[in-house]
Amino acid sequence: MNENVLKVEEGEMLEVEVQEDLLEANKRLAEANKKIFDKHGVKVIDVMGSIGSGKTSLIEEIVKKVKDKYKIAMIAGDVTTRIDADRVSRHGVQTLQINTGKECHLDALMIKKALTKLDLKNLNLIFIENVGNLICPADFPLGAHERLVVVSVTEGPYTIQKHPYIFMDANVIAINKIDLAEAMNINVEELIKDAKKINFNCEVVVTSAKTGEGIEKLIKALKI
Ligand code: MG
Ligand code: ZN
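Computed from a prediction, not measured in an experiment: that's the story for all the values here. (Residues numbered from 1 in each chain as written. Chains lettered and ligands numbered in written order. Predicted model: local features only at pLDDT ≥ 70, side-chain atom pairs only at ≥ 80, totals over all residues. Heavy atoms only, no water.)

Chemist: With reference to specific residues and values, describe unusual backbone geometry.
Modeler: A positive phi is found at K177, a non-glycine position, where the angle reads about 60 degrees. Residue position: K177 is located in the loop between β6 (172–176) and α7 (188–198). Judged by relative accessible area, which is 25%, K177 ranks as partly exposed. The backbone of N185 sits at a positive phi, close to 60 degrees, despite the residue not being glycine. With respect to the helices and strands, N185 occurs in the loop between β6 and α7. Among the residues examined, N185 registers a relative accessible area of 69% and is labelled exposed. (Helix = DSSP H or I, 4+ residues; strand = E, 2+ residues; numbered from the N terminus. Buried < 20%, exposed > 50% of the residue type's maximum accessible area, 1.4 Å probe, protein only.)

Chemist: Quick rundown of α7? Include the residues and the values.
Modeler: Buried within α7 are the following residues: V188, L191, D194 and A195. Within α7, the buried residues cover an arc of 115 degrees as seen down the axis, which keeps them to one side. In α7, the exposed positions angled more than 90 degrees off the buried face are occupied by E189, K193 and K197. In this structure, the buried residues of α7 make contact with α5 (159–162), β6 and β7 (203–206). Near the N-terminus of α7, the side chain that reaches the backbone nitrogen of E189, with its oxygen 3.0 Å away, is that of N187. (Arc of directions from axis to C-beta. Contact = heavy atoms within 4.5 Å. Polar contact = N/O pair within 3.5 Å; in protein donor to acceptor, adjacent residues only side chain to side chain.)

Chemist: Please provide a residue-by-residue account of a negative patch on the surface, values included.
Modeler: Side chains of E20, D21, E24 and E31 sit close together on the surface and give a patch of like negative charge. As for its position among the elements, E20 is in helix α1 (residues 16–39). (Patch = residues over 30% accessible without salt bridge, like charges linked within 9 Å, V, L, I, M, F, W, Y side chains within 5 Å. Areas by Shrake-Rupley, 256 points an atom, 1.4 Å probe, with all protein chains shown as cover. Salt bridge = Lys/Arg side-chain N within 4 Å of Asp/Glu carboxyl O. Lys, Arg positive; Asp, Glu negative; His and termini not counted. Charge placed at Lys NZ, Arg CZ, Asp CG, Glu CD.)

Chemist: Could you give me a rundown of the sheet that holds strand β5 (residues 146–152), with the residues and numbers involved?
Modeler: In spatial order, the strands read β3-β2-β4-β1-β5-β6-β7; together these seven strands make up an open sheet with parallel pairing. In the strand order of this sheet, the two ends are held by β3 (94–99) and β7, each with one partner. Between one strand and the next, the sheet's axes are offset by a mean angle of 20 degrees, whatever the strand orientation. Against the sheet, helix α2 (residues 55–66) contacts β1 (43–49), β2 (72–78), β4 (125–129), β5 and β6, and its axis sits at roughly 170 degrees relative to β4. Docked against the sheet, α7 engages β6 and β7, running at close to 160 degrees with respect to β7. (Pairing = 2+ DSSP bridges. Axes fitted to C-alpha atoms, helices over the stretch in contact; angles between N-to-C directions.)

That's the geometry; what it means functionally is another story.
Structural data, given as structure tokens:
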């Protein structure tokens, strides 16, 4: 152990109890959200990943391929803008923006409120684009059926190893911008190995929103 590392011990954080209650409450709300989705026969996908990993582009590519089959909505979490929601709404998708302000993740209560603004009876697929962040969205399930984590080769070789929790919670991992792997000198096989080491049961799909590589596989992995 490096002596120059200060490790935060468990229980040391002042608000640890408050935090646990918060996570428990979130979990209950997430379960209630899921019941609402199931009641309306709506499949929901929580899309997580860093800023710039390509979450919106992948959603757009999936939407282009499945929009004749599903009535789709997108809930976009963003700190201040609605750029991503506007990009996806071009494809005829009903979009709802949640501006989280200083919050760096979406939580189940925000989704519960968002649902009152969507016409669930006329929908059967919802994408939730989470706030660009690889840390806390892991702790805040929203009630989605699939949790997709997008990681781009432009984020370097250690992103998966450094953020085990979010990858542990994923059902599907997309290693994106694969067209740039060579230029970035990234060994994709190593990234796949890292993902499988953390989450053996997870589906790992290699994608490029730019070339279309892997989009069909991703659709299959998400069971849509
Ligand atoms: Mg985006
Ligand atoms: Zn956060």
